[in-house]
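Tertiary structure, described
Chain residues, written in single-letter form:
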Amino acid sequence: MKTPNRAGLFLAPISAVVLALVGLLFLPAFSAQPAYAAAPRQAGPEPCITEDGGDPAACKELVELVVRDVVPLEEAQTHAVVLTTQDGQVVLPVFVDEAAAVAIAFRLAHMEPPQPLAQDLLDDVVSKLGAHVTEVRIDDLHGDIYTGRVFLEQGKKHLELDARPADSIAMALDGKARIRVTRKVLTQAGINRDDIEALKQDQGEGVGGSGRSPQEPEKAPVAPKAKHKEISL
């Protein structure tokens, strides 16, 4: 899962994502999801590592996120899943391939795709095994790569699996599980409201209109044109 460095977030075409989502930041915050207990991690590499001199608590403090939209970026030939903190003060863009973007878009619209997608198969496997997703977590950022996990409950068992956010976000939406990110990642890759307002003043209103108002009828998500290349994540 790739994400640009912090400075790159303010350059085209990423600035188009930010400008398109200015209105979304002023939507009412979503109601909080029920709390789930995270399973203890088995012995192995830590999912989040604080750099030398960094705040050790940055990997332990978790912030809940809400999925707001999926925005196609034709110039970059990729798609941005836009997550925000519940108060709308910080935006975290996650760049995904076409397949993940389509799956997430259908789930945001609460609609069934014309044929099952890869993420639907994954959900079906989890369900048939008697498990369900309780939490999705974005743990760390290595260069321009997000790393994360998905937490499952199977009866009395508590499981956690390494997962790229593109897949786990879709699973969270289907299972109504919460999505959380470490403060370290949010600090490194998040964009705050002040930055967005400054960009808006410098470049104008931008494309805008990426969200659907409550008065507008729901429309089926449209798959991006075939000319888009799939990004290897």
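For the structure itself, look to the data block above.
Residues numbered from 1 in each chain as written. Predicted model: local features only at pLDDT ≥ 70, side-chain atom pairs only at ≥ 80, totals over all residues. Heavy atoms only, no water.

1. Some thoughts on the overall build of the protein chain
Of regular secondary structure, the protein chain possesses six helices and eight strands. In the protein chain, the order of α-helices and β-strands from amino to carboxyl end is α-β-β-β-α-α-β-β-β-α-β-α-β-α. Within the protein chain, the proportion of its 233 residues that are buried is 43%. Long-range contacts, defined here as pairs at least 24 residues apart, represent 68% of the contacts in the protein chain between residues at least 6 apart. Of the roughly 12500 Å² of accessible surface on the protein chain, a fraction of 55% belongs to carbon and sulfur atoms. (Helix = DSSP H or I, 4+ residues; strand = E, 2+ residues; numbered from the N terminus. Buried < 20%, exposed > 50% of the residue type's maximum accessible area, 1.4 Å probe, protein only. Contact = heavy atoms within 4.5 Å. Areas by Shrake-Rupley, 256 points an atom, 1.4 Å probe, with all protein chains shown as cover.)

2. Concerning the packing of helix α2 (residues 98-108) against helix α4 (residues 165-175)
Between α2 and α4, the shortest axis-to-axis distance is 9 Å and the interhelical angle comes to 15°. Between α2 and α4, the angle falls in the class roughly parallel. Regarding α2 and α4, the two cross each other, and that crossing is left-handed. From α2, A100, I104, R107 and L108 reach across to α4, where they touch A166, I169, A170, M171, L173 and D174. Residue classes in the contact of α2 with α4 are distributed as eight nonpolar, no polar and two charged. (Axes fitted to C-alpha atoms, helices over the stretch in contact; angles between N-to-C directions. Parallel < 35°, antiparallel > 145°, perpendicular 65-115°, else oblique. Left-handed = near helix turned anticlockwise from the far one by under 90°. Nonpolar A, V, L, I, M, F, W, Y, C, P; charged D, E, K, R; others polar.)

3. Quick look at the packing of helix α3 (residues 118-128) against α4
Where α3 contacts α4, the axes come no closer than 10 Å and their chain directions differ by 60°. Between α3 and α4, the interaxial angle falls into the category oblique. The handedness of the crossing between α3 and α4 comes out as right-handed. Contacts between α3 and α4 involve Q119, L122, D123 and V126 on the former and, on the latter, D167, A170, M171 and D174.

4. Topic: the side chain of R180
Mapped onto the elements of the fold, R180 is located in strand β7 (residues 178-182). Among the polar contacts made by the side chain of R180, one reaches the side chain of E135 at a distance of 2.9 Å. Once residues lying within four places of it in the same chain are set aside, the contact partners of R180 are L62, V63, E64, E135, V136, R137 and I138. (Polar contact = N/O pair within 3.5 Å; in protein donor to acceptor, adjacent residues only side chain to side chain.)

5. As for the pairing of strand β1 (residues 62-73)
With respect to burial, β1 is a largely interior element, nine of its twelve residues being buried. Bridge count between β1 and β7: four bridges; the pairing is antiparallel. Counted as the bridge partner of V63 is V181 from β7. Strand direction decides the pairing type here: β1 and strand β2 (residues 78-85), joined by eight bridges, are antiparallel. For P72, the partnering residue across the bridge sits in β2 and is H79. The turn joining β1 and β2, which pair antiparallel and follow one another in sequence, is formed by four residues; a positive phi near 55° is taken by Q77. (Pairing = 2+ DSSP bridges.)

6. Considerations on α4
In an α-helix there are 3.6 residues to a turn, and that puts residues three or four apart on one side. Along α4, the residues classified as buried are P165, A166, S168, I169, A170, M171 and A172. Within two residues after α4, K176 carries a phi angle of roughly 55°, on the positive side.

7. Comments concerning the sheet that holds β2
Spatial ordering of the open sheet is given by β6-β5-β4-β7-β1-β2-β3-β8, a layout of eight strands whose pairing is mixed. In this open sheet, the two edge strands, each paired with only one partner strand, are β6 (157-162) and β8 (191-192). Bridge count for strand β4 (residues 131-142) against β7 is four bridges, and the pairing is parallel. Counted as the bridge partner of R137 is R180 from β7.

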